[in-house]
Amino acid sequence: MKTFSLLVLLFATLVGIVISVAIGQRLYGEEIRTIEVEFARDIDDKAQVLEQELMLNIEVLYALKGVFISSEHVSGEEFKQVATSFLLRHRNIQALKWIPKVNSLARPLVENNQLKSYEDFEFTEKSSDESLVAAKTRAIHFPVVYLEPFSGNENALGFDLASDATLMRVLNNARDLGTSMASAGIKLVQASEQNSIYVFLPIYDGEPNTLLKRQERLLGFVAGVFRVADMFDSAIKRTWVQGIYYTLEDITNDKHQSLYSNLSSDVSATLHQSNSEIVYQRPLTRFSGRQWQIHAMPSEGYIAERRTAFPYLVGLFGILGSLVLAIYVFFIMRHSHMVNMQVLERTRDLNLAKKKLEALSMTDSLTRIGNRRFFDDGFEREWQLAI
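Residues numbered from 1 in each chain as written. Predicted model: local features only at pLDDT ≥ 70, side-chain atom pairs only at ≥ 80, totals over all residues. Heavy atoms only, no water.

Caption draft 1: Spotlight on helix 2 (residues 76–89). With 14 residues, helix 2 should cover 20 Å at 1.5 Å per step; its first-to-last C-alpha distance of 20 Å lies within 8% of that length. Regarding helix 2, the residues found buried are F79, A83, F86 and L87. Axial view of helix 2: buried residues confined to an arc of 100°, hence all on one face. Opposite the buried face of helix 2, by more than 90 degrees, sit the exposed residues Q81, L88 and R89. At its buried positions, helix 2 is contacted by helix 1 (3–69), strand 1 (93–100) and strand 6 (146–148). (Helix = DSSP H or I, 4+ residues; strand = E, 2+ residues; numbered from the N terminus. Expected span 1.5 Å × (residues − 1). Buried < 20%, exposed > 50% of the residue type's maximum accessible area, 1.4 Å probe, protein only. Arc of directions from axis to C-beta. Contact = heavy atoms within 4.5 Å.)

Written out as C-alpha cells, the structure reads:
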C-alpha cells in the first residue's frame, strides 16, 4: 500500500474522531444549559414562596396595628388573645411585641404597672459580657412591654431597644418613613441559635403626614420576630424539588450577611473545591428596607438525576463508527493491493511463459540450434536491411 493512502486514511479517521467528540461536547453543553434553566426555575419557585411567606408575616403586623388604632388602650390580655390567634397560623413567627415610646419620667410608672403582671419586671439592656442588666436612664426608652408567646422569650420582656444602636437606627427609619422596617439578621436576647430579624411597624397618634409630626406623634411600635431558618424551611417544604444547597444572604447596602445556609462545613468545602458548573443567584423582592438574595448550587444528586448518557453515547458511537469505517477502508485497500500484486505476478509469469514458447518455436528440439523458422526470420530481417 502507498504511504500517501495510509496517511489520508489516518487523517480522515482523526477528523471523524474529532467531529464525534465535538458533537458529544455540544450535546453535553446543551444538556447543562437545560439543567441550568430547570435549576433557575426551581430556585425562582422557592424564592416566590419565601417572598409570600415574608409578606404574610408582615401583614400580621399591619393587622396587629389595626387593633391598637381601633382602641384607645390595648391591655396585656387583649394583646395576648390577638397575638396568640396570629401565632397559631404563622408558626415561623417567633414572637409578637408591643414596644411603646416611654420617656424617662414615665419609666417608673410603666415598670410599676408591669410588675402587676410580671414579677421583677424592669427595663433591661445587655452589658459588655452580653448578660442582662437594668437599663440606663435615657431620654426615651423603647421597652418590650407586651410579648407573645411569653414562654421561651422571657428574657426579651422589658428589654430596652434604645440600648441597641443598630436597632435604634431601624426604629428611627420606621418612625420617619411611616412604614415597616426590618433589621439585619441578629441573635436575640432569647439566645436563639438561628438568625432572626426584627420587623417594626410604627403606630402614631392620628395620621401624621410630615417627618416632624411623625417624630412628635409616635406612640410606639408593633414588632415581629421572624425566624429566618423556619421561614426558609417552610418555603422549601412547600415545593417538591430537593437536592439543592442554599445560602440566604442579606445584601442591603452591599453588605453581605449570611442569614441561613443548609450547607455543612464539609459540604461547603467540597462545593468550593469542585467548582460547580451551575451556580444561581436570585435577589428577592425588596421588603421593609431589606434586600435578600438566594445563592444556590445543585447537589451532585440533583445534576445526576437530570443528566443523561446521550452525549457520551453519541461521542462514543461516533468514535467507534470512525474507527470501524477506517478499519473497513483499510481492509478494502489491503485487498485491492493484494489483488494488484497477484495481477502483476501473473502477468510476469505469462511474459516468461511467452518468451519460453517463442524460444522453443525457434529451436530444433534435437540439435538445440535454430530451425527453419529461425532461419527464415533471420533472412527476412537481413533482406529488409539490405534493401
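From this point, the narrative continues.
Caption draft 2: Layout of the pattern of salt bridges. Taken as a whole and judged by the stated rule, the model has 13 salt bridges. As a salt-bridge pair, E38 and R306 come within 3.0 Å of each other at their nearest N and O atoms. Pair noted here: E38 is in helix 1 and R306 is in helix 8 (residues 300–306), with a separation of 268 residues, a long-range link. A salt bridge links R227 to D230, with the shortest nitrogen-to-oxygen separation between them at 2.4 Å. (Salt bridge = Lys/Arg side-chain N within 4 Å of Asp/Glu carboxyl O.)

Caption draft 3: Quick look at the nonpolar core. One finds L96, L161, F200, W292 and I294 to be the most contacted residues of the largest nonpolar core, which totals 77 residues. No other element matches the 12 residues that helix 1 contributes to this core. (Core = buried A, V, L, I, M, F, W, Y, C linked by side-chain atoms within 4.5 Å.)

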